[in-house]
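Breakdown of the fold
In case you want the letters, here they are:
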Amino acid sequence: MNPYHFYSGYAPQQMDYLDYHYNQYNPYMQQLEHEHGEFERQPPQNIERRVRELERQNERQVQELTRQNQEIGRINREINRINQEIIRLNRNDERHTRRLNRLNQRLRSVENRLNIPFTATEDGF
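Quick summary incoming for the structure in this document. Think of each chain on its own: its residues are numbered from 1, step by step along the sequence as written. Predicted model: local features are reported for residues with pLDDT of at least 70 only, side-chain atom pairs are reported and counted for 80 or more only, and whole-chain, interface and lining totals are derived from all residues. The side-chain values count all of the structure's non-hydrogen atoms but skip hydrogen atoms and water molecules.

The next point concerns the overall build of the chain. Think of it this way: any DSSP run of H or I at least four residues long counts as a helix, any run of E at least two long counts as a strand, and we number them from the N terminus. Of the regular secondary structure elements, the chain holds 2 helices and 0 strands. Across the 125 residues of the chain, 2% fall into the buried class. Here, Shrake-Rupley sampling with a 1.4 Å probe gives the accessible areas, and only protein chains in the shown set may cover a residue. With the model as given, the accessible surface of the chain reaches about 12,600 Å², and the carbon-plus-sulfur share is 52%. Between buried and exposed lies partly exposed: a residue is buried under 20% and exposed over 50% of the maximum accessible area for its type, with that area taken using a 1.4 Å probe on protein chains only.

Okay, structure coming up:
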């Protein structure tokens, strides 16, 4: 009994496509060439020219990336400088706010001593 339900009269054919040497064409590729025409093959000088073009393109891309990295570094330094300026201004603002709060407290204490009524709608304090 055949467990795989293959046709018992089937005899596997010899695999001819494995019988070619490494430097010969693959028979399958020869069949494709015959059906679809000759494949494009680049001569070695075209391949070398293409490799040189790709190397030059790679060099240009490296130079552009280097330039962009330098620009990013310059922008980061400018951002840090602006952040330091903001920190300095915030400290200055906090110092003035504390000073105003102390002045307001002193003013309230003077108002209380002199019994000056304070209303929130009053202009001034």
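Every helix has an expected span of 1.5 Å times one less than the residues it contains. For helix 2 (residues 44-113), with 70 residues, the first-to-last C-alpha span of 102 Å sits near the 104 Å given by 1.5 Å per residue. At the exit of helix 2 stands Asn115, carrying a positive phi of roughly 55°.

Our next topic: the pattern of salt bridges. One side-chain nitrogen of Lys or Arg within 4 Å of one carboxyl oxygen of Asp or Glu is enough to make a salt bridge. By the definition in use, this model includes 7 salt bridges. Ionic pairing is found between Arg67 and Glu64, a salt bridge with its closest N-O pair at 2.7 Å. Residue Arg67 and its partner Glu64 are both found in helix 2; the two are separated by 3 residues, about one turn of the helix. When its relative accessible area of 33% is taken as the criterion, Glu64 is described as partly exposed. Of the charged contacts, one joins Arg108 and Glu111 as a salt bridge, the two residues approaching to 4.0 Å between their closest N and O atoms. Separated by 3 residues within a single helix, Arg108 and Glu111 lie in helix 2, roughly one turn from each other. With relative accessibility at 5%, the residue Glu111 sits in the buried group.

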